[in-house]
Amino acid sequence: MIISNDIKYVGVQDKKIDLFEGQYVVPNGMSYNSYVIMDAEIAVLDTVDKNFTHEWLDNLSEVLGNRKPKYLVVHHMEPDHAANIMNFMKNYPEAILVSSQKAFAMMKNFFGTDFDGRNIIVGEGCMLPLGTHTLHFYTAPMVHWPEVLVSYEETEKVLFSADGFGKFGVPEAQEEWADEARRYYIGIVGKYGKQVQALLQKASTLDIEKICPLHGPVLTKNLGYYLNLYNTWSSYTAESAGIVVAYTSVYGHTKKAAELLIDKLKSKGCPKVVAYDLARCDMSQAVADAFRYEKLVLATTTYNAEIFPFMRTFIEHLTERNFKNRTVAFLENGSWAPQAAKVMKSLLEGCQNLTYVEPTVQIRSALNDESKEQIEKLSDVLCQDYRAMQNATANKSDFTALFKIGYGLYVVTSNDGKKDNGLIVNTVTQVTNTPNRVAVTINKQNYSHHVIQQTGVMNVNCLSIEAPFSVFESFGFRSGRNVDKFADCTPLRSDNGLVFLPKYINAFLSLKVEAYVDLDTHGMFICSVTEARVINNAETMTYTYYQTNVKPKPKTEGKKGYVCKVCGYVYEGDELPEDFVCPLCKHGPADFEPLK
């Protein structure tokens, strides 16, 4: 494996191993990677598994020639990488160990010594100059042990990533990198997504041209592809559209039901259906695919008033790895007292952001017309979005889609230097989350638009369903240029000095204007968030809720014309002028509807 003129590969390939870490099937073997940086001072990076001591030392001797290494850098203390530390130190008695403080504590556990007097402790931001090459160290705790370091060689722009970006299989194996890297990541590192995200944030500041992991091939091209996959996996985001159907079956009836569901899903446009018989499949592959795809169907039998053991094991593998952000459906079988769905759901209770799909399919021993109908309905629900996204099957004239546009109602507060001001808006949108950016759109005729253009700050008060119509009258139908909108209430103030409402809100945001977009009649303020406070858990006031439950019904009897959907103002006349602006709420013709 060629890396560069100065960075040499001295790792080994294990083609006889059957189970990695005693549980992961590795049909294409496993590599244990070690590297040497040849410079004025020579650094060896990591050792290998104990079964390859002499092969590794031979590889090392061949690269070194007559020279001696100055350093052994240990990124990770797991025995498949650190087993030969003692052998190295005996063979090169003048060498110095470089690693993290926690790694040296582990060395004492493994070898009975922390090599006091022959060690250098490094941590975040430390450097190891070798001559023309310099290693910069970054801590990577719990990726996937607490002592882990990664290092970056600045001259050749190489990231030595420890177990990050590793995979099952030897480097020359003819297989997709992502398939075995995914199984490796989910199985071994999957629990630590938060820590991987932190490491990716550090890596994003580096100019990386090569990645040298401790398992698998050196990565030299399309690095964005690998980094993006790691970001997807570590953020627990579905990688692909599709459905995994994982089942167990004792006498074949549950299997038959699962197969019927699979056929239905395929026929109704699901882009990918992956099935696993959990008693017979590679469990690690089933777990990896449950994280890969966006939906999961769990189908099993009631067994000893519980669930079939292989299903329990599968679900425990998921929960151990922070399974979240997925859609889940259940199919249960029970001859006299079905309990499987209840048990499976209870096992998933600790998982975050799971959406459960109805109906739960219930089979009493064997399929019948009723359970077949339930499977039909479940397949419809699971495939609804897939059908809608495909031109051939979508209903392109379903205008109830407009009802999906959700917008709440807010009081935006500001201060013109003399008094506090506020107005009702219904167009507040989060536009990015890294960093947090919020867009607020305000009609130019509103005095608040002028104030915020001048001051560059505002508060957005999120109204709850407790807000009465008087709030909308006060902040929506009067101009702050002419009246004091806070005359009848005692407001509170946030850190930016602006007021926030003392009641009728469930949260507020303090915003600083970063950019402005002119939208003709309106202006859009793009803002950063300087303060965010949750007041309570009351339900947010939506535009629909306001229309249905808060706004008084306008008195339209005997009148002909148009009514404002926002405030109820009635315009009497045959035609509503195209440039008409509601005198109360300042909304245009789009928010008027004909009187009936």
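In this report, we go over the structure that sits alongside the text. Every chain's residues receive numbers from 1 upward, in the order its sequence appears when written. Totals for whole chains, interfaces and linings use all residues, but because this is a predicted model, local features are given only for residues with pLDDT of at least 70 and pairs of side-chain atoms are given and counted only at 80 or more. Only hydrogens and water are set aside; all other atoms, that is, all heavy atoms of the structure, feed into the side-chain values.

## Focus on the pairing of strand 32 (residues 561-564)
Strand pairing is defined by DSSP finding a minimum of two bridges between the two strands. Numbering of helices and strands runs from the N terminus; a helix is a DSSP stretch of H or I covering at least four residues, while a strand is a stretch of E covering at least two. Pairing analysis gives three bridges linking strand 32 to strand 33 (residues 570-572), with the strands arranged antiparallel. Each residue of the ladder has a partner; that of Val563, found in strand 33, is Val570. From the end of strand 32 to the start of strand 33, which pair antiparallel, there are five residues, and Gly568 there has a positive phi angle of about 90 degrees. Pairing of strand 32 with strand 34 (residues 592-594), which is carried by three bridges, proceeds in the antiparallel orientation. Looking across to strand 34, one finds that Val563 is bridged to Glu593.

## Re helix 8 (residues 253-267)
A rise of 1.5 Å per residue sets the reference length of helix 8, with its 15 residues, at 21 Å; its end C-alpha atoms lie 21 Å apart and thus fit the reference within 8%. For helix 8, the complete set of buried residues consists of Thr254, Ala257, Ala258, Leu261, Ile262 and Leu265. Each buried residue of helix 8 sits inside an arc of 140 degrees when the element is viewed along its axis, so together they form one side. Those residues of helix 8 that are exposed and angled more than 90 degrees off the buried face are Lys256, Lys266 and Ser267. Just downstream of helix 8 lies Gly269, where phi reads positive at about 95 degrees. How far a helix is expected to stretch is found by multiplying one less than its residue total by 1.5 Å. A 1.4 Å probe rolled over the protein chains alone gives each residue an accessible area, and that area as a share of the maximum for its type sets the label: buried under 20%, exposed over 50%, partly exposed in between. As used here, the arc belongs to the directions running from the helix axis to the C-beta atoms.

## As for empty space enclosed by the protein
Where empty space is left in the structure can be found by rolling a water-sized probe over the atoms. In this analysis, the protein atoms alone were mapped onto a 1 Å grid. Cavities are point sets where a 1.4 Å probe fits without being able to get out; pockets are open sets with protein on both sides within 12 Å along at least five of seven lines; lining residues have an atom within 4 Å of a point. Grid points are joined across faces, edges and corners, and a volume is the space filled by probe spheres set on the points. If you walk through the whole model with that rule in mind, you get one cavity of 30 Å³ or more. Its boundaries defined by the atoms lining it, the largest cavity holds a volume of some 130 Å³. Lining the largest cavity are 14 residues; nearest its centre among them are Leu159, Phe165, Leu199, Leu200 and Ala203. Throughout this entry, Asp, Glu, Lys and Arg are counted as charged residues, while Ala, Val, Leu, Ile, Met, Phe, Trp, Tyr, Cys and Pro are counted as nonpolar. The remaining residues, Gly among them, count as polar. Residue composition of the lining of the largest cavity, grouped by class: eleven nonpolar, two polar and one charged.

## Points about the sheet that holds strand 8 (residues 71-73)
Read across the open sheet, the six strands follow the order 1-6-7-8-9-10; overall the sheet is mixed. Pairing within the sheet leaves two strands with one partner each, and these edge strands are strand 1 (7-9) and strand 10 (119-121). Averaged over all pairs of adjacent strands, the angle between strand axes in this sheet comes to 20 degrees, irrespective of strand direction. Where strand 9 (residues 96-99) meets strand 10, three bridges bridge the pair, whose relative direction is parallel. Looking across to strand 10, one finds that Val98 is bridged to Ile120. The strands touched by helix 1 (residues 53-64) within the sheet are strand 1, strand 6 (35-37) and strand 7 (43-45), with strand 6 carrying the most contacts at an inclination of about 20 degrees. All axes here are fitted lines through C-alpha atoms, helices being fitted over the stretch that makes contact, and every angle between N-to-C directions spans 0 to 180 degrees. Only heavy atoms matter for contacts: two residues are in contact if any of them lie within 4.5 Å across the pair.

None of the figures reported here should be taken as evidence of function without further support.
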